[in-house]
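Below, each chain spelled out in residue letters.
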Amino acid sequence: MRKGHVASALIFVAILAASLLVRGQTASPDQSGRVLRDGWGRPVVDALKPGDKPTPAPRHDLSGIWEPANGPGDGIQANGPKDMPYDGKPEHDPPYSPLGLQTLKSHKALFGYAAVLESLSNDPRNKCDPLGFPRADFYQVRHTQIMQDERRMVVLYEFEKRWRNIWIDGRDLPKEIPEPRYYGYSVGKWVDDTTLVVNTIGVVGNEKIWLDETGRPASDAMHVEERFQRVNHNRLELTVTIDDPKMYTKPWVALNKFPMRLQSPDYDVVEMMCIPSEEEQYYKEYGDQASGVESKQSK
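These notes cover the structure that comes with them.

Calculation notes
Residues numbered from 1 in each chain as written. Predicted model: local features only at pLDDT ≥ 70, side-chain atom pairs only at ≥ 80, totals over all residues. Heavy atoms only, no water. Disulfide = S-S within 2.5 Å. Helix = DSSP H or I, 4+ residues; strand = E, 2+ residues; numbered from the N terminus. Buried < 20%, exposed > 50% of the residue type's maximum accessible area, 1.4 Å probe, protein only. Arc of directions from axis to C-beta. Phe/Tyr/Trp six-rings, centres within 6.5 Å; stacked < 30°, edge-to-face > 60°. Lys NZ or Arg CZ within 6 Å of the ring centre and 35° of its normal. Salt bridge = Lys/Arg side-chain N within 4 Å of Asp/Glu carboxyl O.

1. Side note on the state of the cysteines
Then, in step 1: Inspection of the entire model under this criterion finds 1 disulfide.
Then, in step 2: The disulfide partner of Cys128 is Cys274, and the gap between their sulfur atoms is 2.2 Å. A torsion of -80 degrees about the S-S bond marks the disulfide between Cys128 and Cys274 as left-handed. Residue Cys128 is found in the loop between α2 (98–106) and α3 (135–138), and its partner Cys274 is found in the loop between β9 (252–262) and α4 (276–291); the two are separated by 146 residues along the sequence.
Then, in step 3: Since its relative accessible area comes to 12%, Cys128 is described here as buried.
Then, in step 4: For Cys274, a relative accessible area of 12% translates into the label buried.

Here is the structure:
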């Protein structure tokens, strides 16, 4: 994220934070006269009317527009997945393999315990390459729309306006990967009336995608399990487990019951794009000067 979309995202967060006290079924202006608005400029209202209590979750249904229940900042996760931040604490270090640790050290991230200056970063995201999966679960998780029918569930991410298919028609994961993909191949199975377990393989891995914003590695051998549990009609919890035998010695949990809350069904998701021309302009006007080196020289 750079100048243009950083600015728009910060404005969005500021407006949202200022609006928390006035969000209700009828939108009201805050002290500055502003109200939170969606992508169409419409005032945002809560899915629940004031005084209402959530009803039970519908059976086998995750559809809706979801945002982090603890506020939009909870989903940014710049320092890594919420439950495993890259903060220098040993208990937050995944079980790296020798290759995983070597790969981590080769990644120059803008965030986390080993962050570098702007122009020294080699994050593929800096060139507006796709975030890929599972990084889409670990960074800029803002408004996420889920649509489903009897065959598939489609997850629409606000950041980059990306989407992925999760097949729920009973098929198994492919025994042979036709072609590695940024968002892999995903199948989901209902383990009870309100919990969908999704398994994903076949991501591109290597240097094309990072696991998170701090540069943790991901390989083409990675297997990701997501557990979507709809606690009630208005609350969804997401748990994500990483199993990558090339980069880690055992599976580890990156997100544990990350809470999401349902939005009004007429909410229009805000556009949040990574634009190459804005990236270039950002480095020219700020990043290179702040770092004391041209970004092109450091890559």
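2. What about α2?
Then, in step 1: Considered for burial, the residues of α2 that qualify are Gly100, Thr103 and Leu104. What you see down the axis of α2 is that its buried residues fit within an arc of 105 degrees, all on one side. Exposed residues lying more than 90 degrees from the buried face of α2 are Pro98, Gln102 and Lys105.

3. Topic: the packing of aromatic side chains
Then, in step 1: One pass over the full model with this rule turns up 4 aromatic pairs.
Then, in step 2: An angle of 75 degrees between the planes, with centres 5.8 Å apart, marks the rings of Tyr139 and Phe159 as edge-to-face. Of this pair, Tyr139 sits in the loop between α3 and β2 (144–148) while Phe159 sits in the loop between β3 (152–157) and β4 (163–167), and the two are 20 residues apart along the sequence. Neither Tyr139 nor Phe159 differs from the other in exposure class; each is buried.
Then, in step 3: Chaining the aromatic ring pairs together yields one cluster made of Tyr96, Tyr248 and Trp252.
Then, in step 4: Above the face of the Tyr139 ring, Arg135 is positioned so that its terminal group lies 6.0 Å from the ring centre.

4. Remarks on unusual backbone geometry
Then, in step 1: Omega for the peptide link from Phe133 to Pro134 comes to 10 degrees, which places this bond in the cis form.
Then, in step 2: Assignment of secondary structure puts Pro134 in the loop between α2 and α3.
Then, in step 3: Even without a glycine there, the phi angle at Gln77 is positive, about 50 degrees.
Then, in step 4: On the secondary structure map, Gln77 appears in the loop between β1 (64–68) and α2.
Then, in step 5: Within the chain, Lys161 stands out as a residue other than glycine whose phi angle is a positive 55 degrees.

5. Digging into the pattern of salt bridges
Then, in step 1: Applying the stated criterion across every chain yields a total of 15 salt bridges.
Then, in step 2: Arg135 is paired through a salt bridge with Glu213; the nearest N and O atoms lie 2.4 Å apart. One end of the pair, Arg135, is in helix α3; the other, Glu213, is in the loop between β6 (195–201) and β7 (223–232), with 78 residues separating them in the sequence. Each member of the pair Arg135 and Glu213 is classed as buried.
Then, in step 3: Ionic pairing is found between Arg162 and Glu160, a salt bridge with its closest N-O pair at 3.2 Å.
Then, in step 4: On the basis of relative accessibility, which here comes to 27%, the residue Arg162 falls in the partly exposed class.
Then, in step 5: Put simply, Asp123, Arg125, Arg135 and Glu213 are held in one network by salt bridges that share partners.

In short, geometric facts, not functional conclusions.
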